[in-house]
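Next come the chains, spelled out residue by residue.
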Amino acid sequence: MNNLEKIGFTESLKQEALQYEHLFAARISSQHKDLYKVISEHGELQAKVSGKMSFHTLDTADYPAVGDWVMIDRNSGEHGTAIIHHLLTRKSKFERKAAGTANNRQIVAANIDTVFICMALNNDFNLRRLERYLAIAWDSSAIPVVVLTKADLCEDLERRLAEVSAVAFGVDVIPVSLLTDEGITEIKSLIGEGKTAACIGSSGVGKSTLINRIISQELLQTSGIRSDGKGRHTTTHRQLLEIPEGGVIIDTPGMRELQIESADLSSSFTDIEEYAENCRFSDCKHESEPRCAVKEAIANGQLAPERLQSYRKLQRELAYQDLKAEQREKEKINNMFGSMSALKQISRENKRKNVRR
Ligand SMILES: Nc1nc2c(ncn2[C@@H]2O[C@H](COP(=O)(O)OP(=O)(O)OP(=O)(O)O)[C@@H](O)[C@H]2O)c(=O)[nH]1
Ligand SMILES: [Zn+2]
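Since the model is a prediction, treat every value here as computed from it, not as a measurement. (Residues numbered from 1 in each chain as written. Chains lettered and ligands numbered in written order. Predicted model: local features only at pLDDT ≥ 70, side-chain atom pairs only at ≥ 80, totals over all residues. Heavy atoms only, no water.)

J.: Explain the pattern of salt bridges to me, please; I cannot follow it from the model alone.
T.: Scanning the model with the defined rule gives 15 salt bridges in all. A salt bridge links Glu131 to Arg128, with the shortest nitrogen-to-oxygen separation between them at 2.9 Å. On the criterion of helical spacing, the pair formed by Glu131 and Arg128 is a turn pair, its members being three residues apart in helix H4 (residues 127-140). On the basis of relative accessibility, which here comes to 1%, the residue Glu131 falls in the buried class. (Salt bridge = Lys/Arg side-chain N within 4 Å of Asp/Glu carboxyl O. Helix = DSSP H or I, 4+ residues; strand = E, 2+ residues; numbered from the N terminus. Buried < 20%, exposed > 50% of the residue type's maximum accessible area, 1.4 Å probe, protein only.)

J.: I tried to follow the pairing of strand S4 (residues 69-72) on my own but got confused; where do I start?
T.: Every other side chain in a regular strand lies on the same face of the sheet, so the side chains alternate between the two faces. With burial as the criterion, each face of S4 is covered, one bearing Trp69 and Met71 and the other bearing Val70 and Ile72. Bridge analysis of strand S1 (residues 24-32) against S4 gives four bridges, and the strand direction is antiparallel. If you follow Phe24 over to S4, its bridge partner there is Ile72. (Pairing = 2+ DSSP bridges.)

J.: Whenever I open this one, the coordination of the zinc ion (ligand 2) confuses me. Can you help?
T.: Taken together, Cys279 (SG), Cys284 (SG), His286 (ND1) and Cys292 (SG) make up the full set of protein donors to the zinc ion (ligand 2), lying 2.1 to 2.4 Å away. If you look at the zinc ion (ligand 2), its four donor atoms make angles of 103 to 116° with each other, and the shape they trace is tetrahedral. Here the donor residues for the zinc ion (ligand 2) map to a single chain with the spacing C-x4-C-x1-H-x5-C. Using a relative accessible area of 8% as the deciding quantity, one classes His286 as buried. A residue is classified by how much of its surface remains accessible, and Cys292, at 5% relative accessible area, is buried. (Donors = N, O, S within 2.8 Å, 3.2 Å for Na, K, Ca; no water. Tetrahedral: all angles 85-135°; square planar, octahedral: opposite > 155°, others 65-115°.)

J.: Looking at this structure, how should I read a negative patch on the surface?
T.: A surface patch of like charges, here negative, comprises Asp152, Asp172, Glu182 and Glu186. One can find Glu186 in helix H6 (residues 184-189). A relative accessible area of 43% places Glu186 in the partly exposed class. (Patch = residues over 30% accessible without salt bridge, like charges linked within 9 Å, V, L, I, M, F, W, Y side chains within 5 Å. Areas by Shrake-Rupley, 256 points an atom, 1.4 Å probe, with all protein chains shown as cover. Lys, Arg positive; Asp, Glu negative; His and termini not counted. Charge placed at Lys NZ, Arg CZ, Asp CG, Glu CD.)

J.: What should I look at first to understand the sheet that holds strand S5 (residues 82-87) in this one?
T.: The pairing of strands in a sheet happens through backbone hydrogen bonds and is either parallel or antiparallel. Sheet architecture is closed into a barrel: five strands sit in the order S1-S2-S3-S5-S4, paired in mixed fashion. In this sheet, neighbouring strand axes are inclined to one another by 55° on average, regardless of whether the strands run parallel or antiparallel. Here strand S2 (residues 35-40) pairs with strand S3 (residues 43-49) via five bridges, running antiparallel. Bridging across to S3, Ile39 finds its partner in Glu44. (Axes fitted to C-alpha atoms, helices over the stretch in contact; angles between N-to-C directions.)

J.: For this particular structure, what's the right way to read H4?
T.: Since there are 3.6 residues in each turn of an α-helix, residues three or four apart along the chain are aligned in direction. Spanning 14 residues, H4 covers 20 Å between terminal C-alpha atoms, matching the ideal 20 Å at 1.5 Å per step. In terms of residue burial, H4 counts as a mostly covered element, since 10 of its 14 residues are buried. Every buried residue of H4 is listed here: Leu127, Leu130, Glu131, Arg132, Tyr133, Leu134, Ala135, Ile136, Ala137 and Ser140. Among the residues of H4, the N-terminal cap falls to Asn126, whose side-chain oxygen and the backbone nitrogen of Arg128 are separated by 2.9 Å. Following H4 by one or two positions, Ser141 adopts a phi angle in the positive range, close to 80°. (Expected span 1.5 Å × (residues − 1). Polar contact = N/O pair within 3.5 Å; in protein donor to acceptor, adjacent residues only side chain to side chain.)

J.: For this particular structure, what's the right way to read the packing of aromatic side chains?
T.: Describing an aromatic ring pair means giving the distance of the ring centres and the angle of the ring planes. Taken as a whole and assessed by the stated rule, the structure comprises two aromatic pairs. A centroid spacing of 4.8 Å and a plane angle of 40° characterise the contact between Phe9 and Trp69, whose relative ring orientation is tilted. With Phe9 in the loop between helix H1 (3-6) and helix H2 (11-17) and Trp69 in strand S4, this pair connects stretches of sequence that are 60 residues apart. By the burial criterion, Phe9 is buried, and Trp69 matches it. Lying across the ring of Phe125, Arg160 places its NZ or CZ 4.2 Å from the centre. (Phe/Tyr/Trp six-rings, centres within 6.5 Å; stacked < 30°, edge-to-face > 60°. Lys NZ or Arg CZ within 6 Å of the ring centre and 35° of its normal.)

J.: Before we go on, may I ask you to explain the side chain of Arg90 in this structure?
T.: Locating Arg90 in the fold gives a position in the loop between S5 and strand S6 (93-97). Side-chain polar atoms of Arg90 contact the backbone oxygen of Ala61, separated by 2.6 Å.

J.: What is the right way to look at the packing of H4 against helix H5 (residues 157-167) in this model?
T.: Pairs of packed helices are described in terms of their axes, by the angle between the two and the distance that separates them. Between H4 and H5, the shortest axis-to-axis distance is 10 Å and the interhelical angle comes to 40°. Regarding the angle of H4 to H5, the classification is oblique. Crossing hand, H4 versus H5: right-handed. Across the interface between the two elements, Leu127, Arg128, Leu130, Glu131 and Leu134 from H4 touch Glu163, Val164 and Val167 from H5. Here the residues of the contact of H4 with H5 are counted per class, giving five nonpolar, no polar and three charged. (Parallel < 35°, antiparallel > 145°, perpendicular 65-115°, else oblique. Left-handed = near helix turned anticlockwise from the far one by under 90°. Contact = heavy atoms within 4.5 Å. Nonpolar A, V, L, I, M, F, W, Y, C, P; charged D, E, K, R; others polar.)

J.: Help me understand the environment of Ala151 in this model?
T.: Structurally, the position occupied by Ala151 is in the loop between strand S9 (143-149) and H5. With a relative accessible area of 9%, Ala151 lands in the buried category. Taking C-alpha positions, Ala151 is 9.3 Å from Gly183, a pair spaced 32 residues apart along the chain. Discounting chain neighbours no more than four positions away, the residues touching Ala151 are Leu121, Pro175, Val176, Ser177 and Glu182.

Have a look at this one:
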């Protein structure tokens with residue numbers, strides 16, 4: 001395995017890269033505004049998007065993000081900042097709306113194979129929130145794994161596990177404790193050479209602690225003697241971290257702030273959508289319609305009523321997001337046309353003046 005393969009350069013990426021004859025493949029390891037750091041075959045170097053690529057990139061989502069594979073014009077850092085010319089096909093992506101734009105999306109991280117959805121087994125435990133994170137994960141094309149952190153603080157793990165399995169169909173669920181090391185072997189078995197992982201979850205659930213545990217034993221030990229109680233010890237600005245045993249883990253601020261914006265409801269609510277197929281009306285809202293299969297499933301105990309509630313809430317939120325995007329688009333158009341008619345008015349007046357002169 002060469003250096004790039006170790007950090008996720010797959011056969012299909014290699015094939016795709018072949019079409020760019022005099023360029024080199026590299027992976028984005030951090031981004032700060034328009035300045036990137038990339039890992040090439042010969043190490044890390046600075047890089048910028050070429051003027052031409054920037055000119056042709058109309059959608060913010062098509063700009064490189066951490067985890068992306070790109071084609072650059074040089075292979076080592078000795079000759080200054082490298083130029084990024086092309087973006088290779090993404091196999092998965094986490095996105096959010098770009099600030100100040102109507103419908104533009106911004107990629108927070110790309111090409112993640114496994115996403116650890118972290119939820120703590122104390123008062124952070126919230127199945128409805130887990131459903132949201134699952135929806136985000138399904139939407140990204142990365143494979144979700146539920147990591148139940150702080151297992152040492154949980155008194156009835158069995159019950160929690162049953163509750164989680166009921167909302168996370170076919171998803172691995174791993175209870176983890178950074179105090180007892182429970183679950184760490186299982187986590188490590190899911191990462192490794194060529195694989196890319198990432199963590200999402202609320203603040204304070206133990207993402208940093210877990211990541212540090214994955215990337216280095218020593219870092220965890222130093223955290224033990226920290227007395228500020230913050231548990232923060234990432235000194236590097238790199239957002240794509242190499243795991244000593246192979247593979248990488250992505251930790252960007254964007255991944256940490258992920259909110260429910262784009263969600264794939266049908267993958268995370270297959271149960272409801274399956275019942276809904278048997279509703280009498282195809283556009284059934286599962287409220288007071290006759291012969292509603294979803295309501296029936298609730299009545300005979302096959303489906304938890306909270307499940308329908310959170311499905312509805314998510315739908316409302318998504319509808320609201322769409323509405324907001326649509327409104328902003330309309331405002332933009334109005335403003336544009338407003339100023340355009342003003343411009344026309346001015347130019348008409350100017351013409352008139354010219355004729356008079
Ligand atoms: N009891 C217990 N505490 C833990 C465990 N894992 C992490 N913690 C503690 O939980 C606190 C928060 O951990 P972090 O790793 O900083 O949480 P985070 O998810 O990275 O938080 P943000 O950076 O705010 O997103 C720290 O004080 C950790 O020491 C665990 O397995 N058991
Ligand atoms: Zn119905």
